[in-house]
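Single-letter residue listing:
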Amino acid sequence: MSASLDTGLTRGDYPLSVNRPELLRTPTGKPITALTMDAVVSGELSAEDLRIAPETLELQAQLADASNRPQLAMNFRRAAEMCAIPDAEVLGMYNALRPRASTAAGLAALADRLETTWSAPVCAGLVREAAEVYARRDLLARAGAEDGEDTP
Amino acid sequence: MTATQPRPSDQPRHSLRTDVLEARPVNLDGFVEEWPEKGLVAMESAFDPAPSVRVEDGRIVELDGRQRADFDFMDTFIADHAIDVASAEESNALPSAEIARMLIDPRASRDDVLAVTRGLTPAKVLDVLKLMNVVEIMQGMQKMRARRTPANQAHSTSARDNPVQVAADAAEGALRGFAELETTLGVLRYAPLVAIALQVGAQVGRGGVLTQCALEEATELELGMRGITAYAETISIYGTESVFIDGDDTPWSKAFLASAYASRGIKMRFTSGTGSEVQMGNAEGKSMLYLEIRCILMAKGAGVQGLQNGSISCIGVPGAVPGGLRAVAAENLVASMMDLECASGNDQSFSHSAMRRTARMMPQLLPGTDFVCSGYSAVPNADNMFAGSNFDTEDYDDWNTIQRDFQVDGGLRHVREDEILLARSKAARALQALFAYLDLPAVTDDEVEAATYANSSADYPFRDVLADLKGAQAVMDRGITGLDIVKGLESAGFHDVAENLLTVLRQRVSGDLLQTSAVLTADFTPLSAINDPNDYAGPGTGYRLEGERWAELKKLRHVTSATDPESEVR
């Protein structure tokens with residue numbers, strides 16, 4: 001999420017589910033207070049309603065920053081970018097980052113896809129950084145071997 | 001030949017006392033001499049690097065004697081993601097003795113210590129820990145544990161992968177106080193049924209208990225994404241590049257996976273531990289603790305909120321060398337002084353000696369950790385599919401007594417049998433109703449009856465394994481989610497259990513459980529290092545076992561009444 005929400009959250013706002021429920025919405029736009037048993041029984045809710053929204057991950061990132069945990073905040077910001085990516089594709093991306101699973105070109109394409117298709121520049125940065133280190137440490141797949149053996 | 005009966009020449013006569021000692025269980029344990037060149041050494045090795053750090057243009061260019069061009073991927077990841085570059089040179093310039101003193105000095109707050117430790121290199125952290133004896137390590141843990149209130153975690157598994165057993169034992173475990181419950185399988189294809197059973201049982205025992213199913217990374221993530229499990233933990237990392245690669249991962253793949261979990265609102269921690277690198281055959285000649293410190297910093301750099309460490313499944317390795325359990329206590333402290341949640345081991349059988357098993361957990365139980373055990377076996381050890389834990393159901397009363405003896409909170413409590421039987425029966429009946437609703441293989445009334453009174457998997461009727469495996473596959477094929485479980489429980493009349501599970505699922509929308517050391521209290525309040533920060537500042541401060549909780553822990557199975565010595569306190 002590049003669009004940062006200027007909520008001025010402090011540690012006192014945690015837990016958001018107790019202290020700031022009005023800030024919490026599902027990816028489908030429902031307020032968290034709409035996630036009731038009645039709504040479950042009447043079939044109004046789908047599994048999609050029980051997922052976290054990228055805006056919420058940004059709020060949690062602000063709380064992590066306010067708690068002096070910059071790495072945790074960065075993890076939440078990468079996560080916010082990943083919310084929209086389908087489960088199977090997320091798993092595919094993870095597998096592509098395993099040692100010698102991808103060529104340099106493969107990782108470059110993955111980074112581009114993250115950046116352009118999914119508007120995920122922070123995740124793309126992580127993949128580009130991996131590509132640079134993998135090249136230096138001989139952890140890239142040989143060209144043409146991309147779909148073949150994936151482990152050494 | 002001589003006229004007298006010769007004594008077998010190669011067997012000198014032993015004293016009767018030696019015979020007694022030889023027969024002691026501790027002598028069935030394995031002990032081995034140190035071999036530092038191969039990394040078979042706990043924390044004092046001449047082959048570990050000396051600390052150093054150099055920063056140029058806002059970037060670490062030298063780390064523990066290595067120049068940037070020679071960094072392996074652990075060095076690179078730690079230098080670029082874990083260490084606070086702004087304070088690195090200053091923090092590493094402090095004498096190690098001064099940092100060690102800060103760890104035990106109550107006048108230095110947890111935040112004061114973190115201001116220094118976030119800039120330290122792995123070798124510098126090791127240098128600090130090498131100055132500390134085990135009591136000092138415990139003092140450090142008392143202050144550095146992230147969450148003020150300690151907790152405990154259990155394994156709930158079955159040698160037959162019987163979901164009915166898992167549900168009943170999960171309910172009992174939750175009722176006894178475990179904040180997290182973890183399962184795994186003998187036959188992996190059973191996972192969906194057993195994970196559902198664990199979730200149902202947990203929410204019967206005590207609403208808000210978090211559950212997980214340890215599987216390979218992709219399946220574990222899928223069950224989490226579906227809301228069948230609530231958190232994940234078996235995301236292994238290693239301290240050398242070569243072993244990390246053998247595990248088919250890199251720090252970047254694991255960091256990506258950490259974000260994948262957070263993107264689905266799922267709590268997650270990594271797992272590492274002393275001894276794993278030497279056990280996997282490539283410690284690169286470094287001590288176990290040095291390599292574990294690299295893991296801890298890698299985890300911090302990935303932005304994961306916590307770590308399960310304390311040797312874990314490799315405990316036999318540090319357990320076999322001199323000072324090994326001191327190193328294990330030290331690695332827990334390092335996780336905490338890197339501001340990570342620490343689920344502190346005590347989760348694998350490692351000794352035949354009851355005395356040694358108990359001693360092993362003292363450095364975690366006495367100061368308190370975020371989770372004293374990262375797997376106390378809430379089933380008999382024969383049913384423990386994590387290859388046995390350091391403690392199991394037979395030890396419940398001993399554990400409760402030790403808590404009472406020392407007035408320490410190890411997360412458990414004594415529960416009266418009538419309450420336990422009710423919870424076990426209800427868990428089995430809830431699972432019975434849910435399986436019927438989801439058209440999964442039936443749970444019979446005989447199984448419910450057995451679950452209520454059982455001790456181990458041997459006390460249950462056999463299930464039709466083939467039918468169960470088909471049912472498990474159907475859970476995956478039909479895309480059953482946590483929401484379906486809520487609906488099933490609600491429609492079958494288990495309203496409170498359904499409500500508990502829905503509340504747990506709702507938490508992932510809020511993301512509150514993603515923060516460091518988060519658990520859910522019995523009233524479903526997220527409790528983490530943010531709203532329950534460890535404020536230890538010396539005697540009389542920090543978490544104290546007192547009030548209602550202490551009254552609860554004074555109860556045991558048999559306590560004689562002071563007013564009527566003929567009766568027992570209930």
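What you see is a predicted model, and the numbers here were worked out from it, not measured in a lab. (Residues numbered from 1 in each chain as written. Chains lettered and ligands numbered in written order. Predicted model: local features only at pLDDT ≥ 70, side-chain atom pairs only at ≥ 80, totals over all residues. Heavy atoms only, no water.)

**Section: the overall build of chain A**
Phase 1 of the analysis: Each helix and strand counted, chain A has seven helices and zero strands in total.
Phase 2 of the analysis: Its helices and strands in sequence order give chain A the pattern α-α-α-α-α-α-α, from N to C terminus.
Phase 3 of the analysis: The C-alpha radius of gyration of chain A comes to 19 Å, more than 25% above the 15 Å expected for a compact globule of 152 residues.
Phase 4 of the analysis: Overall, the C-alpha framework of chain A stretches about 55 × 40 × 25 Å when taken along its three principal axes.
Phase 5 of the analysis: Within chain A, the fraction of its 152 residues that count as buried is 45%.
Phase 6 of the analysis: Here the analysis covers contacts within chain A between residues at least 6 apart in sequence; of these, 57% occur between residues at least 24 apart.
Phase 7 of the analysis: Approximately 6700 Å² of chain A is accessible, and the part contributed by carbon and sulfur atoms is 53%. (Helix = DSSP H or I, 4+ residues; strand = E, 2+ residues; numbered from the N terminus. Rg over C-alpha atoms; globule rule 2.2 N^0.38 Å. Buried < 20%, exposed > 50% of the residue type's maximum accessible area, 1.4 Å probe, protein only. Contact = heavy atoms within 4.5 Å. Areas by Shrake-Rupley, 256 points an atom, 1.4 Å probe, with all protein chains shown as cover.)

**So, the sheet that holds strand β9 (residues 306-308) of chain B**
Residues and elements named next belong to chain B.
Phase 1 of the analysis: Strand order in the open sheet formed by four strands is β7-β8-β9-β10, with parallel pairing between adjacent strands. For this open sheet the edge positions go to β7 (231-236) and β10 (341-343), each flanked by a neighbour on one side alone. Taking the axes of each pair of neighbouring strands and ignoring which way they run, one obtains an average angle of 30° across the sheet.
Phase 2 of the analysis: The pairing of β7 with strand β8 (residues 267-271) spans four bridges and is classified as parallel. Across the sheet, residue Tyr-231 finds its bridge partner in β8, namely Lys-267. (Pairing = 2+ DSSP bridges. Axes fitted to C-alpha atoms, helices over the stretch in contact; angles between N-to-C directions.)

**A closer look at the side chain of Asp-383 of chain B**
Residue and element names in this part refer to chain B.
Phase 1 of the analysis: In this structure, Asp-383 sits in the loop between β11 (374-377) and α17 (396-406).
Phase 2 of the analysis: Put simply, Asp-383 is tucked away with no salt bridge, and the nearest opposite charge, on Arg-160, sits 7.0 Å away.
Phase 3 of the analysis: Not counting chain neighbours up to four residues away, the residues in contact with Asp-383 comprise Thr-157, Ser-158, Ala-159, Gln-165, Ser-456 and Ser-457. (Lys, Arg positive; Asp, Glu negative; His and termini not counted. Salt bridge = Lys/Arg side-chain N within 4 Å of Asp/Glu carboxyl O.)

**Thoughts on the interface of chain B and chain A**
Phase 1 of the analysis: Each side of the interface is counted separately: chain B has 68 residues, and chain A has 61 residues.
Phase 2 of the analysis: Buried area between chain B and chain A, both sides added, is near 5400 Å², and the carbon and sulfur share of it is 61%.
Phase 3 of the analysis: Taken as a group, Phe-256, Arg-264 and Val-509 of chain B account for 15% of the area that chain B buries against chain A, more than any other trio of residues on that side.
Phase 4 of the analysis: The tally of links from chain B across to chain A stands at five salt bridges. (Buried area = accessible area lost by both parts, 1.4 Å probe.)

**Considerations on the sheet that holds strand β4 (residues 153-155) of chain B**
All names here are of chain B.
Phase 1 of the analysis: Taken together, four strands build an open sheet; the order of strands is β6-β5-β4-β11 and the sheet is parallel. Of all the strands in the sheet, the pair left with one neighbour each is β6 (210-213) and β11. Between one strand and the next, the sheet's axes are offset by a mean angle of 35°, whatever the strand orientation.
Phase 2 of the analysis: The pairing of β4 with strand β5 (residues 180-183) spans three bridges and is classified as parallel.

**Structural notes on the domain arrangement of chain B**
How big an interface is tends to be reported as the loss of accessible area on association of its parts.
All names here are of chain B.
Phase 1 of the analysis: Entries for chain B in the domain assignment read domain 1 (34-144 + 230-343) and domain 2 (156-216 + 379-557).
Phase 2 of the analysis: The partner domain 2 presents 21 residues to the 21 residues of domain 1 that form the contact.
Phase 3 of the analysis: Of the roughly 1800 Å² buried at the junction of domain 1 and domain 2 (both faces included), carbon and sulfur atoms supply 50%.
Phase 4 of the analysis: Three residues, Ala-230, Tyr-231 and Lys-267, lead the burial of domain 1 against domain 2; their summed loss comes to 33% of the area buried on that side. (Domains from an automatic or database assignment.)

**Description of the state of the cysteines**
Residue and element names in this part refer to chain B.
Phase 1 of the analysis: Inspection of every chain in the model, using the stated rule, returns zero disulfides over all chains.
Phase 2 of the analysis: Free cysteine Cys-213: the closest other cysteine sulfur is in Cys-373, separated by 20 Å.
Phase 3 of the analysis: What makes Cys-213 buried here is its relative accessible area of 2%.
Phase 4 of the analysis: Left unpaired, Cys-373 is separated from the closest cysteine sulfur, that of Cys-342, by 12 Å. (Disulfide = S-S within 2.5 Å.)

**Side note on the confidence of the model for chain A**
Phase 1 of the analysis: Per-residue pLDDT for chain A has a mean of 91; in total, 90% of the residues score no lower than 70.
Phase 2 of the analysis: Across residues 146-152 of chain A the pLDDT falls below 50, and counting only partners more than four positions away or on other chains, this stretch makes 11 contacts in the model. (pLDDT = per-residue confidence, 0-100.)

**Description of the side chain of Glu-447 of chain B**
Phase 1 of the analysis: Take Glu-447 of chain B: it is sitting in helix α19 (residues 445-453).
Phase 2 of the analysis: Apart from the residues lying within four places of it in its own chain, the contact partners of Glu-447 of chain B are Val-164, Ala-442, Tyr-460, Pro-461 and Arg-463 of chain B.

**Regarding the domain arrangement of chain A**
All names here are of chain A.
Phase 1 of the analysis: Each domain of chain A was delimited in the assignment, giving domain 1 (1-83) and domain 2 (85-152).
Phase 2 of the analysis: Put simply, the middle of domain 1 and the middle of domain 2, counted by C-alpha atoms, are 28 Å apart.
Phase 3 of the analysis: Ranking the residues of domain 1 by area buried against domain 2 places Arg-78, Glu-81 and Met-82 at the top, with a combined share of 76%.
Phase 4 of the analysis: Across the domain 1-domain 2 interface, the total number found is one salt bridge.
Phase 5 of the analysis: The closest approach of N and O atoms between Arg-51 and Asp-87, which form a salt bridge, is 3.4 Å.
Phase 6 of the analysis: Between the two partners, domain 1 and domain 2, sit five residue pairs in polar contact (both at pLDDT 80 or more). (Polar contact = N/O pair within 3.5 Å; in protein donor to acceptor, adjacent residues only side chain to side chain.)

**Structural notes on the packing of aromatic side chains**
Residue and element names in this part refer to chain B.
Phase 1 of the analysis: Throughout the structure, instances matching the rule amount to 10 aromatic pairs over all chains.
Phase 2 of the analysis: Measuring from centroid to centroid gives 5.1 Å for Phe-77 and Trp-252, while their planes differ by 90°, and the two rings are edge-to-face. Residue Phe-77 is found in helix α2 (residues 73-82), and its partner Trp-252 is found in helix α12 (residues 251-263); the two are separated by 175 residues along the sequence.
Phase 3 of the analysis: Exposure remark for Phe-77: the relative accessible area of 1% places this residue in the buried category.
Phase 4 of the analysis: According to the relative accessible area criterion, Trp-252 is buried, its value standing at 0%. (Phe/Tyr/Trp six-rings, centres within 6.5 Å; stacked < 30°, edge-to-face > 60°.)

**A short note on the nonpolar core**
Phase 1 of the analysis: Within the largest apolar cluster, 101 residues are counted, with the highest numbers of intra-cluster contacts made by Leu-114 of chain A together with Leu-129, Phe-256 and Phe-270 of chain B.
Phase 2 of the analysis: Tallying contributions element by element places helix α14 (residues 288-302) of chain B first for this core, with 11 residues.
Phase 3 of the analysis: Not counting residues within four places of it along the chain, the set of residues in contact with Leu-129 of chain B comprises Met-43, Ile-137, Leu-289, Arg-326, Ala-330, Leu-333, Val-334 and Met-337 of chain B.
Phase 4 of the analysis: Within the second largest apolar cluster, 96 residues are counted, among which are Leu-50 of chain A together with Val-415, Ala-451 and Val-509 of chain B. (Core = buried A, V, L, I, M, F, W, Y, C linked by side-chain atoms within 4.5 Å.)

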